[in-house]
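What the coordinates show
Chain by chain, the residues run as shown.
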Amino acid sequence: MKSMKRIFLFLVTALSLVLILSACNTENTNSIGENNETDNNGEEVSNGDNEVSEENEASSEPIVVGFSQIGAESGWRTAETQSIKDTLENDPQFELKFSDAQQKQENQIKALRSFIAQQVDIIALAPVVESGWETVLKEAKEADIPVILLDRRIKVEDESLYTSFIGSDFILEGENAAKELINLIGEDVETNIVELQGTVGASAANDRMEGFANIIDENDNYNIIKSQTGDFTRSKGKEVMEAFLKSDGENIDAVYAHNDDMALGAIQAIEEYGLKPGEDIKIVSVDGIKDIFEAVIAGKSNIIVECNPLLGPQLAQAAKDLMEGKEIERWIKTEESVFVGAEAAEAALPDRKY
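Rules and cut-offs
- Throughout this document, residue positions are counted from 1 along each chain, in the order its sequence is written.
- Thresholds applied to this predicted model are a pLDDT of at least 70 for local features of residues and 80 or more for the giving and counting of side-chain atom pairs; totals over whole chains, interfaces and linings are not thresholded and use all residues.
- Side-chain metrics in this entry use all non-hydrogen atoms of the structure; hydrogen atoms and water are not considered.
- Only when DSSP finds a minimum of two bridges between them are two strands counted as paired.
- By definition, any uninterrupted DSSP run of H or I lasting at least four residues is a helix, any uninterrupted run of E lasting at least two residues is a strand, and each is numbered from the N terminus.
- Axis lines are fitted through C-alpha atoms, for helices just across the contact stretch, and the angle between N-to-C directions can take any value from 0 to 180 degrees.
- Roughly parallel covers angles under 35 degrees, roughly antiparallel covers those over 145, roughly perpendicular covers 65 to 115, and oblique covers all other angles.
- Pairs of residues are marked as contacts when any of their non-hydrogen atoms sit within 4.5 Å.
- Each residue gets one label: Ala, Val, Leu, Ile, Met, Phe, Trp, Tyr, Cys and Pro are nonpolar, Asp, Glu, Lys and Arg are charged, and the others, such as Gly, are polar.
- In this analysis, rings of Phe, Tyr and Trp, with Trp reduced to its six-membered ring, are considered paired at centre separations within 6.5 Å, and the interplanar angle assigns stacked below 30 degrees, edge-to-face beyond 60, and tilted for intermediate values.
- We call a residue buried when its accessible area falls under 20% of the maximum for its residue type, exposed when it is over 50%, and partly exposed in between, using a 1.4 Å probe and counting protein chains only.
- When a carboxyl oxygen of Asp or Glu is within 4 Å of a side-chain nitrogen of Lys or Arg, the pair counts as a salt bridge.

Attention now moves to the sheet that holds strand β11 (residues 282–287). The mixed open sheet is built from six strands, whose spatial order is β9-β8-β10-β11-β12-β14. If you trace the sheet from one side to the other, it starts and ends with β9 (222–229) and β14 (338–340), each paired once. For this sheet, the mean inter-axis angle between neighbouring strands, taken without regard to orientation, is 15 degrees. For strand β12 (residues 303–306) and β14, the ladder comprises three bridges, and the chain directions are antiparallel. Counted as the bridge partner of I304 is F339 from β14.

Our focus in this paragraph is the packing of helix α4 (residues 105–117) against helix α5 (residues 134–142). Put simply, α4 and α5 touch, their axes get as near as 10 Å, and they point 10 degrees apart. Taken as axis vectors, α4 and α5 run roughly parallel relative to one another. Together, I109, L112, R113 and I116 of α4 and T135, V136, L137, E139 and A140 of α5 make up the contact between the two elements. Across the contact of α4 with α5, the residue classes break down as six nonpolar, one polar and two charged.

Let us look at the packing of aromatic side chains. Tallied over the entire structure, the rule returns four aromatic pairs. Note on F165 and W331: the rings are 6.1 Å apart at their centroids and 50 degrees apart in plane angle, and the pair reads as tilted. In this pair, F165 sits in strand β7 (residues 164–167) while W331 sits in strand β13 (residues 331–333), placing the two residues 166 residues apart along the sequence. Its relative accessible area of 0% is what places F165 among the buried residues. Residue W331 is classed as partly exposed on the basis of its relative accessible area, which comes to 25%. Relative to Y256, the ring of F212 lies with its centre 3.9 Å away and its plane at 10 degrees, an arrangement referred to as stacked. Placement of F212 in helix α7 (residues 203–216) and of Y256 in strand β10 (residues 254–257) is noted, with a sequence separation of 44 residues between them. Y256 shares its class with F212; the two are buried.

This paragraph deals with unusual backbone geometry. The backbone phi angle of Q119 is positive, close to 55 degrees, even though this residue is not glycine. Within the secondary structure layout, Q119 lies in the loop between α4 and β5 (122–125). On the basis of relative accessible area, Q119 is assigned to the exposed category, the value being 66%. For D287, which is not a glycine, the phi torsion comes out positive at approximately 140 degrees. Mapped onto the secondary structure, D287 falls in strand β11. Of the residues examined, D287 reaches a relative accessible area of 3% and is grouped as buried.

With that out of the way, let us pick up the pattern of salt bridges. Counted under the stated rule, the structure contains 22 salt bridges. Taking the shortest distance from any N to any O, the salt bridge between E139 and R113 comes out at 2.8 Å. You can see E139 sitting in helix α5 and its partner R113 sitting in helix α4, a full 26 residues away along the chain. Of the residues examined, R113 reaches a relative accessible area of 38% and is grouped as partly exposed. In this structure, K238 engages E272 in a salt bridge whose closest nitrogen and oxygen atoms are separated by 3.1 Å. Taken together, the positions of K238 in helix α8 (residues 234–248) and E272 in helix α9 (residues 260–273) put the pair 34 residues apart, joining distant regions of the chain. Among the residues examined, K238 registers a relative accessible area of 19% and is labelled buried.

What follows is the structure in structure tokens.
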């Protein structure tokens, strides 16, 4: 009888232990299920690690930049495009969507709407003209896509439609061109100037004209006798200069070109007319492409006011800062110089990248 009682007590005790162990295992299993997952090898991986992994994966997604370029009307413009492509396409942090507007604003507006539809992170715009951007930029703002202007400004009533402008002080460029021309020729020398303007309505053309006139108007010996657009192109610059020479060839003392390509066209026209560019007619131009440095070294031009097109690194940094939630400057200025005469041009030419 005592033996039976002992056996019964042993069985009850054993069963109790089994139940307790089972409960503990269930609790531990639930705890693991709440805090961990299993990888392909059956090893436990914490959800916390997965969350970090997902965050890293999200942060590694490239910054998508939609860039609407004016076109390829000059060596300067081509250099700007190449700088942006070289910078963004070779950086895994970026994805570049590029559109060439071929000098037409309507093409740029279409490109911007396409970028908005594709939900890019940043829009970069080199505007062909100053006005007519309100509607499409409002669409970008409503889509929470920051717009960065490159090398040319725009005129809008609501300045918040774009975030920043990366580029030069065009008025200062015009003023520097006039100051250096007066220094070269002399304040007291009667001088007639013809002006080759950039694209009508472009901020670069408007401001370079304004800056040049600011200084020239202060000197009664200097007069702008002709001023006409050459559309920032070499062929058009040559064509307009030919017309100037035909009407006033014997009265022209100097040429002010809003860019180097028009100046190079003017050089061709002057030579064909039978005069010596750089001697009979002094030439000052803006940009700083290699061809104009070579012309100055050859004595066919005189003054170069630099306008730096290598904006890729500054655009990349601005885009990164914006995506990190940082505030960027309203005007991100480029560093530029002025080169006067063959010696200065020859010293600078080896380092030119465009």
